[in-house]
Amino acid sequence: LSLFKSYAINLIKWKPAGFFKIVIFGQGRTGSTLLEDLLCSTGYFTKNVELLAARHGERKHPFQYIQRAANSQGDINFIFHLKIHHLTTDISIPVVPSIFLQRMKIYGWKIIYLSRQNQLKHSLSSVYANKRERYNNRSREKVQKIDVNCEEFIRLSKWRERNDAKERKALMGIEHLKLVYEESLQDSSVHQATADRILEYIGLPSKPVITSYHKVITKHPKEIIMNYNEFYTMCVEKGWDKYLVKC
C-alpha cells in the first residue's frame, strides 16, 4: 500500500469500546514526561513521548500519522505529547493548531493541557536543562551552578509567553482537562490525586502510580545562578521578581 492509503485505512480503522487515546498538550518543561510516566505506571498505557518532534523527521501529514500510530498499537490505550511548535514551525506546511485539536476531539482523543504558573522558573528550567544537556532527572544528582545569559533568558521567556497565548487560543471552545504543574505535579504528594483525576476524566478506574523522575531544580535560583545579582536586576526590570518569591 502507498503511504497515503496506509494513512487513510488507519484513519478510519475500528477500535474496540474502552480504547482511549490521550494527548498531553503543552510546552516543554511543564511536566509532560513525568505525567506520561505516572500514567504509564498504571499499566493502562505505553510510552510514545513526542511523536511529532522534528528530531524524528518531518511528518507531512501529522494528523494521519498520529491516528495511524494509535490504531497500529493494538488494543493498548495510546498516549503521546504534543507541543504547539510541532504543528507550526517544525514542519514545512504548518497546521492550524485549533483545527488540529478540534479534529482530534472529533476522532475521540482526550486532551490534557499542561501549563506552569511560575513563568520565571519555567524558563529557568529550560536554561538549566540545556546547560546540563539533560532534560529529565532520574537520580538525585548534585545541583550544578550555572551562568545565565540575561538577554537570551528574556528572549526565551517572551517566546514562552507567546506560546502560552497561542495554546490558550488553540484550545478555545474545545473540551480538555487543564492541569497546572505547580498544583498537580511539582509535589510528589499530589501525583496519585492527579492521576486519579485524569483517569476519572477519561473513564478508567484508579490505579496506584509511581515514578523514578525527580525535580531538576530544587533550590532557589540564588543558590544555582552564579551571576544572580545581574539576574535579579533583570527580574526587577521585567516585573518577574514576584516569581522569585515562589521559587
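What you see is a predicted model; the values in this text were computed from it and never measured.

With that settled, consider a negative patch on the surface. Judged by side-chain charge, D147, E151, E152 and E230 come together as a negatively charged surface patch. Position of E151 among the secondary structure elements: in helix 7 (residues 150–171).

Here T194 is to be found in helix 9 (residues 191–202). The class of T194 is buried, set by a relative accessible area of 5%. Beyond its immediate sequence surroundings of up to four residues, T194 is in contact with L35, L179, S184 and L185.

We now examine a positive patch on the surface. The grouping of K158, R162, K166 and K238 at the surface amounts to a positive patch. Ranked by residues supplied to the positive patch, first place goes to helix 7 with three residues.

Among the structural elements, S125 can be located in helix 6 (residues 119–132). In this structure S125 comes out as buried when scored by relative accessible area, which is 8%. In this structure the side chain of S125 is engaged in a polar contact, spanning 3.0 Å, whose partner is the side chain of R29.

Now for the sheet that holds strand 3 (residues 77–82). Pairing is parallel across the open sheet formed by five strands, whose spatial order is 2-3-1-4-5. The sheet terminates laterally at strand 2 (45–46) and strand 5 (177–180), the two strands that pair on one side only. Contacting strand 1 (21–25), strand 2, strand 3, strand 4 (109–115) and strand 5, helix 2 (residues 32–40) crosses the sheet at an angle of about 175° to strand 3. Across the sheet, helix 7 is in contact with strand 1 and strand 4; its angle to strand 4 comes to roughly 150°.

Let's shift gears to unusual backbone geometry. Glycine aside, residues mostly have negative phi angles, and peptide bonds mostly take the trans form. Even without being a glycine, R29 presents a positive backbone phi close to 70°. Counting through the fold element by element, R29 comes out in the loop between strand 1 and helix 2.

With respect to the secondary-structure elements, N77 resides in strand 3. Each C-alpha atom, one on N77 and one on Y44, is 6.2 Å from the other, the two residues being 33 residues apart in sequence. At a separation of 2.8 Å, a polar atom in the side chain of N77 contacts the main-chain amide nitrogen of F20.

Time to look at the pairing of strand 4. Of all seven residues in strand 4, six are buried, a share of seventy percent or more. Bridge count between strand 1 and strand 4: five bridges; the pairing is parallel. Looking at the pairing, V23 lines up with I111 of strand 4. In this sheet, strand 5 lies alongside strand 4 in parallel orientation, the contact comprising four bridges. Bridging from a neighbouring strand, Y113 pairs with K178 of strand 5.

What counts, and at which threshold
- Residues numbered from 1 in each chain as written.
- Predicted model: local features only at pLDDT ≥ 70, side-chain atom pairs only at ≥ 80, totals over all residues.
- Heavy atoms only, no water.
- Patch = residues over 30% accessible without salt bridge, like charges linked within 9 Å, V, L, I, M, F, W, Y side chains within 5 Å.
- Areas by Shrake-Rupley, 256 points an atom, 1.4 Å probe, with all protein chains shown as cover.
- Salt bridge = Lys/Arg side-chain N within 4 Å of Asp/Glu carboxyl O.
- Lys, Arg positive; Asp, Glu negative; His and termini not counted.
- Charge placed at Lys NZ, Arg CZ, Asp CG, Glu CD.
- Helix = DSSP H or I, 4+ residues; strand = E, 2+ residues; numbered from the N terminus.
- Buried < 20%, exposed > 50% of the residue type's maximum accessible area, 1.4 Å probe, protein only.
- Contact = heavy atoms within 4.5 Å.
- Polar contact = N/O pair within 3.5 Å; in protein donor to acceptor, adjacent residues only side chain to side chain.
- Pairing = 2+ DSSP bridges.
- Axes fitted to C-alpha atoms, helices over the stretch in contact; angles between N-to-C directions.

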